[in-house]
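Overview (structure and organization)
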Amino acid sequence: MGGIMGGSFSCFPQVNSLRAMDFSKAMSRAGTSQFQEVIRQELEYSMKVELDKILATAPSNELEHTKKDLDGFKKLFHRFLQEKGPSVDWGKIQRPPEDSIQPYEKIKARGLPDSVASVLNKLVVVKLNGGLGTSMGCKGPKSLIGVRNENTFLDLTVQQIEHLNKTYNTDVPLVLMNSFNTDEDTKKILQKYSHSRVKIYTFNQSRYPRINKETLLPIAKDVSYSGESTEAWYPPGHGDIYASFYNSGLLDTLIGEGKEYIFVSNIDNLGATVDLYILNHLMNPPNGKQCEFVMEVTNKTRADVKGGTLTQYENKLRLVEIAQVPKPHVDEFKSVSKFKIFNTNNLWISLSAVKRLQEQNAIDMEIIVNPKTLDGGLNIIQLETAVGAAVKSFENSLGINVPRSRFLPVKTTSDLLLVMSNLYSLNAGSLTMSEKREFPTVPLVKLGSSFTKVQDYLRRFESIPDMLELDHLTVSGDVTFGKNVSLKGTVIIIANHGDRIDIPPGAVLENKIVSGNLRILDH
């Protein structure tokens, strides 16, 4: 995204000469880098003053931690002010060289090492656990939403790793990167795993101040983040993992225990299980050159056109996100024929490389400017980074084109319906597609706004329908499903405003459009 020098914002009351003047016009009139530099310095100075005021309100036990957070934010804000316009030059984007994205089949063909345990014992599983369940109408951490047989995302993760540790007699730990939004609730629930065969560690993402879009100053007045102050702070995206993991001391602890790689993924991606073939490829590289960063990518479908893609840029692998693409090229970026793959956010990263780059301050990630409007109508911006964007900072990075089954994110109740259904079977915390499904593809499911919240969604299904032969399901309006319904082919159910449709128990709908009003009344 463009920084401030791209002219994205309007006026800055703290810069007297620009009071009530449009910023971008002032820039173009001035046209001098000297003037721009004066503005930058003004903005940075004003920010420093405000951050110092906030820091002064920190209690002594939070002082060091708060200072680290605000210092990190200051660096990000400084970079944000330096950036000019879109962060990629479209003319320099090329397709990655053939050998820089390997097909998974080639990795798998190398087989497994004689001692699986010896490679597993060098692995740490990291799950990104900073998100709340608000988009699905749930309070608290998203990882605590029930997704299958009352198992939550976190339950399934622990079961997967416990199964590995028992099968191979290993000690693969789980690390959760929490945010200030999820930390307390997550820690409470972790007690239930105290007898499982998985060591669980947590560390917290940074807490950064949201800034007013007009003044570019923090909206927080002090360090508190409870009550009304919660809206003043945000976790700055998963790119924050490198600094916060390092600052927590956990990175050094794990290196000290002989761990070499982390496998990082979103906790809501149920396809992101430990893959022994990829791990073996990292531990025993075929050319003897250690690969510091692996990004799992998979083939785009029309549903994935907005996903970040791996490109070649200035002789390095580089992740390009849609937010960085200059407007005239957005359609080209979305093209399935030109950019065939997208980032699953399943990443394998060398711990020693993270330590080295963090100490050299050499991890370079593009800034994502995320504008939001708060409940009271105030326009703010959040400066964020993405974990995969650091790919260009590591040596000998590699993309691996994995099967689609390794990308099974649950972002909506439409996704939840898929993973709760008989399309998948559950074994030791891992979901695999049922052998009874003839096509390995996932049906396209679109549930309307009446299903958005998990509790509404659960109320509308007496039991999850049989979906083994489903290709496409669209449901809109006030619709409920009885027990043992079977959906096949393309099914579209639309209840118009004021109408209600009850699909009766045992109904088989195959290539059907149901509309109007259908009430099943008990008599």
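Residues numbered from 1 in each chain as written. Predicted model: local features only at pLDDT ≥ 70, side-chain atom pairs only at ≥ 80, totals over all residues. Heavy atoms only, no water.

- Per an unreviewed UniProt entry, the recorded name for the chain is UTP--glucose-1-phosphate uridylyltransferase, and the organism is Alligator sinensis.
- What UniProt states about the chain under its Catalytic activity (unreviewed entry) heading is, verbatim, "alpha-D-glucose 1-phosphate + UTP + H(+) = UDP-alpha-D-glucose + diphosphate".
- UniProt lists a comment for the chain under the heading Pathway (unreviewed entry), and it reads "Glycan biosynthesis; glycogen biosynthesis." (UniProt positions renumbered as here; feature names shortened; annotations may be inferred.)

**Overview of the UniProt feature "binding site: substrate" (unreviewed entry) in the chain**
- Taken from the UniProt record, the annotation "binding site: substrate" (unreviewed entry) applies to H238.
- Contacts of H238, omitting those with residues within four sequence positions, involve L128, M177, Q205, N266, N345, T385, A386 and V387. (Contact = heavy atoms within 4.5 Å.)

**A word on unusual backbone geometry**
- Its identity is not glycine, yet N149 carries a phi of approximately 50°, on the positive side.
- Mapping N149 onto the fold places it in the loop between strand 4 (146-148) and strand 5 (151-152).
- A positive phi angle, close to 55°, is found at L216, a residue other than glycine.
- By the element assignment, L216 lies in the loop between strand 9 (211-212) and strand 10 (233-234).
- A residue is classified by how much of its surface remains accessible, and L216, at 0% relative accessible area, is buried. (Helix = DSSP H or I, 4+ residues; strand = E, 2+ residues; numbered from the N terminus. Buried < 20%, exposed > 50% of the residue type's maximum accessible area, 1.4 Å probe, protein only.)

**So, the UniProt feature "binding site: UTP" (unreviewed entry) in the chain**
- Under the UniProt annotation, "binding site: UTP" (unreviewed entry) lies at K142, Q205, G237, D268 and K411.
- The residue K142 is located in the loop between strand 3 (123-129) and strand 4 in this model.
- The class of K142 is buried, set by a relative accessible area of 9%.
- Within the fold, D268 resides in the loop between strand 11 (261-266) and helix 10 (276-283).
- In contact with D268, other than residues within four places in its own chain, are K142, F153, L408, P409, V410 and K411.

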